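Below are the chains, spelled out letter by letter.
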Amino acid sequence: MVPNSHIDDSHEDEYHFIMKCPLYTELRKTYIEPFTNHNTFLESFVHVMSSKVRSVITSVAASTYHGFNLHVNFIGIGRM
Ligand SMILES: [Zn+2]
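This structure is a prediction, so every number in the text was calculated from the model and none was measured.

### Topic: the environment of F74
Following the sequence through the fold, F74 ends up in helix 5 (residues 54-74). By C-beta crowding, F74 is classed as partly exposed, having 13 other C-beta atoms within 10 Å. Sequence spacing of F74 and L23 is 51 residues, and the spatial spacing of their C-alpha atoms is 8.8 Å.

### Let's talk about the confidence of the model for the protein chain
The pLDDT averaged across the protein chain works out to 86; a share of 81% of its residues lies at or above 70. When mean pLDDT is compared element by element in the protein chain, helix 3 (residues 25-31) scores highest at 96, while helix 1 (residues 4-8) scores lowest at 52.

### Concerning the environment of Y24
By the element assignment, Y24 lies in the loop between helix 2 (14-20) and helix 3. Along the backbone, Y24 and H71 are 47 residues apart, and their C-alpha atoms lie at a distance of 8.8 Å.

### Quick look at the nonpolar core
Formed by F17, I18, C21, L23, Y24, L27, Y31, I32, F45 and V48, the largest nonpolar core amounts to 10 residues. Every residue in contact with F45, bar those within four places of it in the chain, is listed here: Y15, I18 and M19.

### Considering helix 5
Its 21 residues give helix 5 an end-to-end C-alpha distance of 30 Å, which sits within 8% of 30 Å, the value for a rise of 1.5 Å per residue. One or two residues past the end of helix 5 sits G76, with phi positive at roughly 105°.

Reading the values: rules and limits
- Residues numbered from 1 in each chain as written.
- Predicted model: local features only at pLDDT ≥ 70, side-chain atom pairs only at ≥ 80, totals over all residues.
- Helix = DSSP H or I, 4+ residues; strand = E, 2+ residues; numbered from the N terminus.
- Buried ≥ 20, exposed ≤ 12 C-beta atoms within 10 Å, placed from the backbone.
- pLDDT = per-residue confidence, 0-100.
- Core = buried A, V, L, I, M, F, W, Y, C linked by C-beta atoms within 7 Å.
- Contact = placed C-beta atoms within 7 Å.
- Expected span 1.5 Å × (residues − 1).

Written out as structure tokens, the structure is:
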């Protein structure tokens, strides 16, 4: 079942995908949260998205890859 807060969102932008969407909570714990130690979601988002550290870039890419597969399975490829 797709979480309501996902359906209610009018858009699935990068910030929503990386930091907020309940559909990707488990992916976030594995791939994003190890690199976030900031006061706000926005600061964490800027940190991971602008990092030049290979392990962070690789982890964000892995999260995106697995998140896309989840998205296709739960929602379908046509709806973003
Ligand atoms: Zn969402």
